[in-house]
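# Per-entry structural report
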Amino acid sequence: MPFRGGPVLGIESSCDETSAAVVADGRVLGHVILSQDAHAVFGGVVPEIAARQHLAHIDGVVARALAEAGVRAGELAGVGVTAGPGLVGALLVGLNWAKGFAYSLGLPIVGVHHMEAHLFANSLESPEATPPFVALLISGGHTMLLHAASWGSYELLGATRDDAVGEAFDKVARRLGLGFPGGPEIERLARQGVAGKYRLPRPMLSAREGPGEAGFFDFSFSGLKTATALLIGEIEAGGEEAIAAARPDVAAEFQEAIVDVLVGKTMRAVDHTGCHRVLLGGGVARNGPLRERLAAALAPAGELFAPSPRLSTDNAAMVARLAEHRLAAGEADGLELNADPALPFPGLS
Ligand code: KG4
Ligand code: ZN
């Protein structure tokens, strides 16, 4: 069925948020995000539990999003669903639900890439957040620096060579005895501490490299994570009191090291491309010091777009927005659409 315009239902289930949203003309009409708290005791997302929780809640989450939007299922014009990347069992729940729903109502369906959807989160609140732009996509599973000439046409400038930045936050938080997800916990603890009391490395930020060299735009967070764990171990050797007093300073230095690297690499991309408009996307985009430092580095000539906290972490409104964009361009998938845990980013060169 071709898309004739009208409200689009988005479904997101790639990790531990079960979410549904209704978007029309780039505006969110209804949006429900159910964050699974069953993982907290394990200190990370358990894939099998995630899939079961999605299955248990998806009917109710979609029903609530439609009710909030005041849109009946029969009034929808299309369906968008995250097809990857993510946990395969979790993805399959949302994808199969969306396919069955679209088929039963005769609606067009599009499978979207989760990280491209994070990019589109910006346009829900700032319609002017359009290409050309430099984008820093930072989540629990990905760290990518892109240049977008137009929607769907992206040049990959750099990516992480090991851990994603969110993963580094989560692992260091765990080592510090903080809860999951670790990013917000580290940000909170860091407010009570001072960066620079301890010194951690700023990986791959050497001034020796230039744009033509392999590591100029790439990231690496595994060494920083290990250096932080070693530092914590050294302080712990000094006793309970020593580590209790040092935890905020370690968190502050770790966060500062990450922000230095993310801001440094993004400004390299800005200088290299001559493009002064920057978009953030993904859960780590919630980080306050990162936003402040990047906005300051871009001022006065540049502009920074970052979604509000609710739209920075995983949500279905960004999925519905990207789906609406693609459906309007005449794109749709067939019912052979499948989940791909390692789905490549579309339109990359
Ligand atoms: O985009 P997202 O919700 O899920 C993935 O697609 O991975 O990102 C989740 C990640 C987690 O690693 C979490 O620790 C991190 O985003 N995060 C933060 C903050 N809030 C969430 N990292 C740093 N500072 C924050 N305030
Ligand atoms: Zn995400």
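Residues numbered from 1 in each chain as written. Chains lettered and ligands numbered in written order. Predicted model: local features only at pLDDT ≥ 70, side-chain atom pairs only at ≥ 80, totals over all residues. Heavy atoms only, no water.

## Thoughts on the overall build of the chain
- The helix and strand inventory of the chain stands at ten helices and ten strands.
- Against the 2.2 N^0.38 benchmark of 20 Å for 349 residues, the chain shows a C-alpha radius of gyration of 21 Å, consistent with a compact globule.
- Burial analysis of the chain (349 residues in total) assigns 52% to the buried set.
- A separation of at least 24 residues holds for 74% of the contacts in the chain among residues at least 6 apart in sequence.
- When the accessible surface of the chain is split by element, carbon and sulfur atoms take 54% of a total near 14,200 Å².
- Of note, the chain has its 27 positive side-chain charges centred 2 Å away from the centre of its 39 negative side-chain charges. (Helix = DSSP H or I, 4+ residues; strand = E, 2+ residues; numbered from the N terminus. Rg over C-alpha atoms; globule rule 2.2 N^0.38 Å. Buried < 20%, exposed > 50% of the residue type's maximum accessible area, 1.4 Å probe, protein only. Contact = heavy atoms within 4.5 Å. Areas by Shrake-Rupley, 256 points an atom, 1.4 Å probe, with all protein chains shown as cover. Lys, Arg positive; Asp, Glu negative; His and termini not counted. Charge placed at Lys NZ, Arg CZ, Asp CG, Glu CD.)

## Things to note about the site of ligand 1
- With respect to spatial proximity, 20 residues lie near ligand 1, and among them G140, D170, G183, E187 and G283 are the closest.
- Measuring from an oxygen atom of ligand 1, one finds a side-chain N or O atom of H118 at 3.1 Å.
- Separating an oxygen atom of ligand 1 from a backbone N or O atom of G166 is a distance of 3.1 Å.
- In the complex, 90% of the free accessible area of ligand 1, which totals 550 Å², lies under the protein chains.
- For the shell around ligand 1, the secondary structure elements donating two or more residues are α3 (114–125), α4 (165–175) and α5 (182–190).
- Top contributing element to the shell around ligand 1 by residue count: α5, with four residues.
- Considering only residue class, the shell around ligand 1 consists of four nonpolar, twelve polar and four charged.
- Two domains each put at least three residues into the shell around ligand 1: domain 1 (8–120 + 313–328) and domain 2 (131–306). (Near = heavy atom within 4 Å. Polar contact = N/O pair within 3.5 Å; in protein donor to acceptor, adjacent residues only side chain to side chain. Nonpolar A, V, L, I, M, F, W, Y, C, P; charged D, E, K, R; others polar. Domains from an automatic or database assignment.)

## Some details on the pairing of strand β9 (residues 277–281)
- For β9, the tally of buried residues reaches four of five residues, placing the bulk of the element in the interior.
- What joins β9 to strand β10 (residues 303–305) is helix α8 (residues 288–298), and the crossover it makes is right-handed. (Right-handed = clockwise from strand over helix to strand, strands pointing away.)

## Observations regarding the domain arrangement of the chain
- Domain parsing of the chain yields domain 1 (8–120 + 313–328) and domain 2 (131–306).
- Each of domain 1 and domain 2 has a C-alpha centre, and the two are 28 Å apart.
- Across the contact, 13 residues belong to domain 1 and 16 residues belong to domain 2.
- Interface of domain 1 and domain 2: buried area, both sides summed, is about 1,200 Å²; carbon and sulfur atoms make up 72% of it.
- When the buried surface of domain 1 facing domain 2 is broken down by residue, M115, L119 and T313 rank first, second and third, together holding 49% of it. (Buried area = accessible area lost by both parts, 1.4 Å probe.)

## Details of the pattern of salt bridges
- Counting across every chain of the model gives 15 salt bridges.
- We note a salt bridge from R72 to E75, for which the minimum N-O separation is 3.0 Å.
- A salt bridge links K171 to E167; its shortest N-O distance comes to 3.0 Å. Pair noted here: K171 and E167 are both in helix α4, with a separation of four residues, about one helical turn. (Salt bridge = Lys/Arg side-chain N within 4 Å of Asp/Glu carboxyl O.)

## Some words on the sheet that holds strand β7 (residues 143–150)
- Spatially, the five strands line up as an open sheet ordered β8-β7-β6-β9-β10, and their pairing is mixed. Of all the strands in the sheet, the pair left with one neighbour each is β8 (153–159) and β10. Pairwise comparison of adjacent strand axes, ignoring direction, gives a mean angle of 25 degrees for this sheet.
- Here strand β6 (residues 133–138) runs beside β9; their pairing, made up of four bridges, is parallel. Bridge pairing links V134 to V278 in β9.
- Each of β6, β7, β8, β9 and β10 touches α3; the most contacted strand, β6, lies at about 120 degrees to it. (Pairing = 2+ DSSP bridges. Axes fitted to C-alpha atoms, helices over the stretch in contact; angles between N-to-C directions.)

## Let's talk about the environment of Q255
- Topologically, Q255 is positioned in helix α7 (residues 240–273).
- For Q255, a relative accessible area of 6% corresponds to the buried category.
- In contact with Q255, other than residues within four places in its own chain, are I186, E187, A190, N287 and P289.
- Side-chain polar atoms of Q255 contact the side chain of N287, separated by 3.0 Å.

## A word on the packing of α4 against helix α6 (residues 222–236)
- Taken N-terminus to C-terminus, the directions of α4 and α6 make an angle of 10 degrees; their axes are 10 Å apart at the nearest point. As the angle between them shows, α4 and α6 are arranged roughly parallel. Between α4, through K171, V172 and R175, and α6, the contact on the second element is made entirely by K225, T228, A229, I232, G233 and E236. (Parallel < 35°, antiparallel > 145°, perpendicular 65-115°, else oblique.)

## Notes on the coordination of the zinc ion (ligand 2)
- With distances of 2.0 to 2.1 Å, the protein atoms coordinating the zinc ion (ligand 2) are H114 (NE2), H118 (NE2) and D314 (OD).
- Binding-site remark: the zinc ion (ligand 2) is held by donors from one chain whose sequence spacing is H-x3-H-x195-D. With H118 in helix α3 and D314 in the loop between α9 (309–312) and α10 (317–328), this pair connects stretches of sequence that are 196 residues apart.
- Given the relative accessible area of 1%, H118 is considered buried. (Donors = N, O, S within 2.8 Å, 3.2 Å for Na, K, Ca; no water.)

## Concerning the environment of I235
- Mapped onto the fold, I235 is located in helix α6.
- Its relative accessible area of 11% is what places I235 among the buried residues.
- For I235 and A135, which are 100 residues apart along the polypeptide, the C-alpha to C-alpha distance reads 37 Å.
- With sequence-adjacent residues up to four places away left out, I235 is seen in contact with Y198, A242, I243, A246 and V250.

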